[in-house]
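A closer look at the structure
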Amino acid sequence: MSELEEYRHQIREIDQRVLTLIKDRLNIGIKLSEIKHSLGLPIIDTDAEQAAMDNLVRTSAALGVDISFARQLGELLIEKTIEIQNNHRSAGQPAKKSKDQNLKEIIELTQAMLVDGKKIARFEIGEPNFPPPQPVIRELTTVFKKKKIIGYGAAVGLPELRKKLAVELSNEHHVRIDPDQIVITPGARFAIFATVMSFVSELERVVIPQPAFPAYEECVSLTHGRAIPVAASLDNNWELNFSKIEAELRKGARMIVLNSPNNPTGKVISKDKFHDLVELARKHDTLVLSDEVYERYVHSKAPSILDEEYTNSIYVNSFSKRFGLTGWRIAYLVTSKEYAKRIRRIIHTAVTCVPEFIQRAALIALKQGESDAERNRRSILRKVDLTCRELSKIDVEFYKPDGAFYVFPRSNKPNFDSVKFATKLLKEQHVSVVPGESFGNYPAFFRLAVSLPEAQIPNAIRSIGKAVEHWS
Ligand SMILES: Cc1ncc(COP(=O)(O)O)c(C=O)c1O
C-alpha cells in the first residue's frame, strides 16, 4: 500500500470510530429521554445543552481544533439528540405527536361526530362565529359582476389596500409607515411561515415563549431551525420568564416570537415589560416577530411592536379575527422595506399573490366594516366574561384573560392527561376543547375558545366540570 493509500485508509477507520461514538451518544440520548419522560420533564433543557457546548469549546481549544467547527458539530449533535428523543419519547410508546397534530385530531373527531348528527358544544375552534361585515359581501358581488378576468397581482399585495393599512397603522401607532413596508399574505399563518423561511437558517435558534400557538414551532422545524421554548406558568400569572429569555438572546438567538394578546392564555404583556423585551432584543440585535392578530380583542389597548420603532422586527396582523374572515385567508405584515422585499420572494414563489377579490373585500372591511367588527368584538368579550364566571364554579384554576378569546384552565386532579381528557370529554359529554399539550408542556391544561353561541356556554361548562370531577 502506498503512503497515500495508507493515510486514506486511516481516515476511513477514524470516520468509523467517530460514527460508532456518535451512535453511543445517541443511545445515551434515548436513555435520557426515558428518564425525562418518567419525571415529566421537557425534552429540551437549554442549560444542559449549554454545558455540553461549553465542554466542546473547551476541549477544542485544548486540542487546537477550530472552535467554530466544534460549535457546528455540537449544534448538529444536539439537534439530532433532540430529534431522537422526541421520536422515541419512551421505550415501547408511540412517537410523540406534533402539537398541531393534537389540535387536528380533536377537530377531525368533532367533525366526524357532527356528521353523525351529534350536537357538539364547540370550544375547540379558534375563530369568531360571526359572518363577514355586510359591505364586504356587497363589494364581492359587484367585483364578480363587473370584472370578467381576475388576473395575477403583485406579490406584495394590492397598492390601495397597502396604502389604506399604512394610513390606519400610522395613525394608530403615531409612527410613519410606508406602504412599501407592508406585505399582504394569505393568512397570518403564512406571514409567520414566510418570515421564518426568509430569516431563519438551519440550526438557528428561535425563542418561543410558551404556551404558544403551535404554528411557530412547526414553521421553525420546517426550516430546520431550532425552536427554544421558554415556558411561563399559571402560578406566575403567565408572566414571561425574562431571565431565561435574556439568557437565550445573549447566546445569540436569531429570533424571538411575541404573541400578545396570547393564544391560548389571553395574557397581554404589560406596556413596560413589552418595552423592556424589545430593548433586550435591540441590545442583542435579535429579530422580533410580533404576532398581534388578537390586538382588537382587549378591554384596553395592548402594546405593539409598531409603537417601539424597532426596525429589526416583523409585525403580523390578520383580517381573520377582527372581521370574521378566517376562511378568506388574508393578513398582512409590517417590516422594513428591505425585509419586505425578502419576504415578497416567498409569497411570489409559493402563491404568486393573494387573490385580488379577497384583497378588495379586505379593503372594504377596513373602510366600512368597523362598526360590525366592533359589535362582534363586544359580544365576544362578553362571552369571555361569562365563560370565566361559569368556570369559577367548577374545579379548575385559570387566569382571567386580558384579551383574545381563549381561556386556558388547569385541572389539579392527579395524573390529569389533557389529550385523553379532551377525547373523553368529546365522546362522552359532546364538548370539544383543545388539549394543553398543543401549546407546550401543559398536560394539565385545556383551551376553550369562546366562539360558540352564548346560550350554550353555561351547560357546556357544567359538563366540563362533571368530566373533571370524574377524572381518574
Ligand atoms: C396567535 C395566532 N396567530 C396566527 C393565527 C392564524 O391566523 P390566520 O387565520 O390569519 O392565518 C392564529 C389562529 O388561530 C393565532 O391564534
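Rules of the game
- Residues numbered from 1 in each chain as written.
- Predicted model: local features only at pLDDT ≥ 70, side-chain atom pairs only at ≥ 80, totals over all residues.
- Heavy atoms only, no water.
- 1 Å grid on protein atoms, 1.4 Å probe; cavity = no way out; pocket = protein on both sides within 12 Å on 5 of 7 lines; lining within 4 Å.
- Points joined across faces, edges and corners; volume = space filled by probe spheres on them.
- Helix = DSSP H or I, 4+ residues; strand = E, 2+ residues; numbered from the N terminus.
- Nonpolar A, V, L, I, M, F, W, Y, C, P; charged D, E, K, R; others polar.
- Contact = heavy atoms within 4.5 Å.
- Polar contact = N/O pair within 3.5 Å; in protein donor to acceptor, adjacent residues only side chain to side chain.
- Domains from an automatic or database assignment.
- Salt bridge = Lys/Arg side-chain N within 4 Å of Asp/Glu carboxyl O.
- Buried < 20%, exposed > 50% of the residue type's maximum accessible area, 1.4 Å probe, protein only.
- Pairing = 2+ DSSP bridges.
- Buried area = accessible area lost by both parts, 1.4 Å probe.
- Phe/Tyr/Trp six-rings, centres within 6.5 Å; stacked < 30°, edge-to-face > 60°.

Taken as a whole and judged by the stated rule, the model has 3 cavities of 30 Å³ or more. Each pocket or cavity is described by its volume, and for the largest cavity that value is around 180 Å³. Pro-209, Pro-211, Leu-240, Asn-259 and Asn-262 are, among the 17 residues lining the largest cavity, the residues nearest its centre. Those elements that place two or more of their residues in the lining of the largest cavity are strand S3 (205-210) and strand S5 (255-259). Among the residues making up the lining of the largest cavity, the classes are represented as 11 nonpolar, 4 polar and 2 charged.

A separate point is the environment of Arg-377. As for its position among the elements, Arg-377 is in helix H14 (residues 370-391). Sequence-distant contacts of Arg-377, that is, excluding residues within four places in its chain, are made with Arg-296, Tyr-297 and Val-298. Only 3.2 Å separates the side chain of Arg-377 from the backbone oxygen of Arg-296, close enough to count as a polar contact. One polar contact links the side chain of Arg-377 to the main-chain carbonyl oxygen of Val-298, over a distance of 2.8 Å.

Turning our attention to the layout of surface pockets. The computed volume of the second largest pocket comes to approximately 600 Å³. Put simply, the parts of the chain that give the lining of the second largest pocket at least two residues each are helix H4 (99-115), helix H7 (188-199) and helix H11 (319-323). At 4 residues, the largest contribution of residues to the lining of the second largest pocket is made by H4. Broken down by class, the residue content of the lining of the second largest pocket amounts to 12 nonpolar, 8 polar and 9 charged. Three or more residues apiece are contributed to the lining of the second largest pocket by two domains, here domain 2 (99-131 + 372-469) and domain 3 (146-368).

Within this structure, the stated rule accounts for 34 salt bridges. Between Glu-172 and Arg-296 there is a salt bridge, with its nearest N and O atoms 2.7 Å apart. Here Glu-172 is found in helix H6 (residues 159-173), whereas its partner Arg-296 is found in the loop between strand S6 (287-291) and strand S7 (313-318), with 124 residues between them in sequence. Judged by relative accessible area, which is 25%, Glu-172 ranks as partly exposed. Of the charged contacts, one joins Arg-296 and Glu-295 as a salt bridge, the two residues approaching to 3.1 Å between their closest N and O atoms. Across the pair, Glu-295 and Arg-296 agree in class, each one buried. A cluster of three or more residues bridged by salt bridges with shared partners is formed by Glu-49, Glu-75, Glu-79, Arg-205, Arg-226, Glu-248 and Lys-251.

Attention shifts here to the sheet that holds strand S12 (residues 446-449). The strand order S9-S12-S11 describes an open sheet built from 3 strands, whose pairing is antiparallel. If you trace the sheet from one side to the other, it starts and ends with strand S9 (406-407) and strand S11 (434-435), each paired once. As judged from the 2 bridges shared by S9 and S12, these two strands associate in the antiparallel manner. Bridging across to S12, Val-407 finds its partner in Leu-448.

Our next topic: the domain arrangement of the protein chain. In terms of domain boundaries, the protein chain breaks down into domain 1 (3-89), domain 2 (99-131 + 372-469) and domain 3 (146-368). Contacts between the two partners involve 30 residues from domain 2 and, on the opposite side, 32 residues from domain 3. Buried surface at the junction of domain 2 and domain 3, summed over both partners, amounts to about 2700 Å²; 58% is from carbon and sulfur atoms. Its largest share of buried area at the contact with domain 3, domain 2 owes to Tyr-399, Phe-439 and Tyr-442, together 21% of the area lost on that side. Counting across the domain 2 and domain 3 interface gives 1 salt bridge. Summed over the shared surface of domain 2 and domain 3, the result is 15 residue pairs in polar contact (both at pLDDT 80 or more). Put simply, the parts of the chain that give the side of domain 2 that touches domain 3 at least two residues each are H4, H14 and S9. In terms of residue count, H14 provides more of the side of domain 2 that touches domain 3 than any other element does, 4 residues in total.

Our next topic: the packing of aromatic side chains. By the definition in use, this model includes 23 aromatic pairs. With a centroid separation of 5.6 Å and an interplanar angle of 85°, the aromatic rings of Phe-408 and Phe-439 are classed as edge-to-face. A residue pair is termed long-range when its members are at least 10 positions apart, and Phe-408 in the loop between S9 and helix H15 (418-429) and Phe-439 in the loop between S11 and S12 qualify at 31 residues. Since its relative accessible area comes to 1%, Phe-408 is described here as buried. Pairing Phe-421 with Trp-471 gives two aromatic rings, centres 6.2 Å apart and planes at 70°, and the pair type is edge-to-face. Highlighted residues: Phe-421 in helix H15 and Trp-471 in the segment after helix H16 (457-469), separated in sequence by 50 residues. According to the relative accessible area criterion, Phe-421 is buried, its value standing at 1%. On the basis of relative accessible area, Trp-471 is assigned to the buried category, the value being 11%. By the ring-pair criterion, three or more aromatic residues cluster together here, those being Trp-238, Phe-408, Phe-439, Tyr-442 and Phe-445.

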